[in-house]
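So the chains spell out like this:
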Amino acid sequence: MVGRMCTNEMSAEYIQLYPNPVQNQLWLEFNSNNSSVYNLRVVDARGQIVLDETVLPKPRRSVDKSAFADGLYFISVTSGNETFTKSFIVEK
């Protein structure tokens, strides 16, 4: 999950992730004109997939972390052959 899985990597300027650490909601902001669907995948530090969904493009999207235990996670956003991966921490 840490390595590149696609041929291109989305620039961090196109996707912002906040707050980090997360206490209530994780927010994603998309600064791109890409109109295709995105795949969101969240993986915990043990490599277990805790969220995997396909979403329509929105400028801002929240991810409810209420089902996540405290700890380190990785979120990957994939559209076509581009992927953005970033880590975040959940704290209650």
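This text follows the structure it describes.
What comes next concerns the included structure. (Residues numbered from 1 in each chain as written. Predicted model: local features only at pLDDT ≥ 70, side-chain atom pairs only at ≥ 80, totals over all residues. Heavy atoms only, no water.)

1. So, the pairing of strand 4 (residues 38–44)
Rules: For every residue, the accessible area obtained with a 1.4 Å probe (protein chains only) is divided by the maximum for its type, and the residue is called buried under 20%, exposed over 50%, and partly exposed between those limits. The numbering of helices and of strands both runs from the N terminus, where a helix is a DSSP run of H or I of at least 4 residues and a strand a run of E of at least 2. Only strands that DSSP links by at least two bridges are regarded as paired with each other.
Counting buried positions along strand 4 gives 5 out of 7 residues, so the element sits mostly inside the fold. Pairing between strand 4 and strand 5 (residues 49–55): 6 bridges, direction antiparallel. What sits directly across from N39, in strand 5, is T54. Connecting the antiparallel pair strand 4 and strand 5 is a turn made up of 4 residues, with G47 showing a positive phi of about 90°.

2. Considering the nonpolar core
If you look at soluble globular proteins, the nonpolar side chains tend to sit buried side by side. Short version of the rule: Nonpolar cores are built from buried Ala, Val, Leu, Ile, Met, Phe, Trp, Tyr and Cys residues. Side-chain atoms within 4.5 Å join them into one set. It only takes one pair of heavy atoms within 4.5 Å for two residues to be counted as in contact.
Ranked by internal contacts, the top residues of the largest apolar core, which has 19 residues, are L26, L28, V42, F68, I75, V77 and F88. Elements with a contribution of two residues or more to this core: strand 2 (15–18), strand 3 (25–30), strand 4, strand 5, strand 7 (71–79) and strand 8 (82–90). Filtering out sequence-adjacent residues up to four positions away, V42 remains in contact with Q48, I49, V50, L51, F68, Y73, F74, I75 and F88.

3. Brief notes about the side chain of R61
So the rule is basically this: Positive charge is attributed to Lys and Arg, negative charge to Asp and Glu, and no charge count is given to His or to the chain ends. Only one rule defines a salt bridge in this text: a Lys or Arg side-chain nitrogen within 4 Å of an Asp or Glu carboxyl oxygen. Definition of a polar contact: a pair of N or O atoms within 3.5 Å, with one able to donate and the other able to accept a hydrogen when the atoms are protein atoms, and with sequence-neighbouring residues admitted only if both atoms are side-chain atoms.
Among the structural elements, R61 can be located in strand 6 (residues 60–64). E53 provides the closest opposite charge to the buried, salt-bridge-free R61, at an N-O distance of 4.7 Å. Side-chain polar atoms of R61 contact the backbone oxygen of L56, separated by 3.4 Å.

4. Quick word on the pattern of salt bridges
For the structure shown, the criterion picks out 3 salt bridges. Taking the shortest distance from any N to any O, the salt bridge between R46 and D44 comes out at 3.0 Å. Owing to a relative accessible area of 68%, R46 belongs among the exposed residues under this scheme.

5. A few points about the packing of aromatic side chains
Formally: To pair, rings of Phe, Tyr and Trp, with the six-membered ring standing in for Trp, must have centres within 6.5 Å; the planes then decide the type, stacked if under 30 degrees apart, edge-to-face if over 60, and tilted in the middle. Look at NZ for Lys and CZ for Arg. If either is within 6 Å of the ring centre and within 35 degrees of the ring normal, a charge sits over the ring.
This structure, assessed with the given rule, holds 3 aromatic pairs. Relative to Y38, the ring of F30 has its centre 4.6 Å away and its plane inclined at 35°; by these criteria the two rings are tilted. What makes F30 buried here is its relative accessible area of 9%. On the basis of relative accessibility, which here comes to 3%, the residue Y38 falls in the buried class. Ring centres 5.1 Å apart and planes at 25° place the aromatic pair F68 and Y73 in the stacked group. The same class applies to F68 and to Y73, which are both buried. Members of the aromatic cluster, joined through ring pairs, are F68, Y73 and F88. Over the face of the ring belonging to W27 we find R60, whose NZ or CZ atom lies 3.9 Å from the ring centre.

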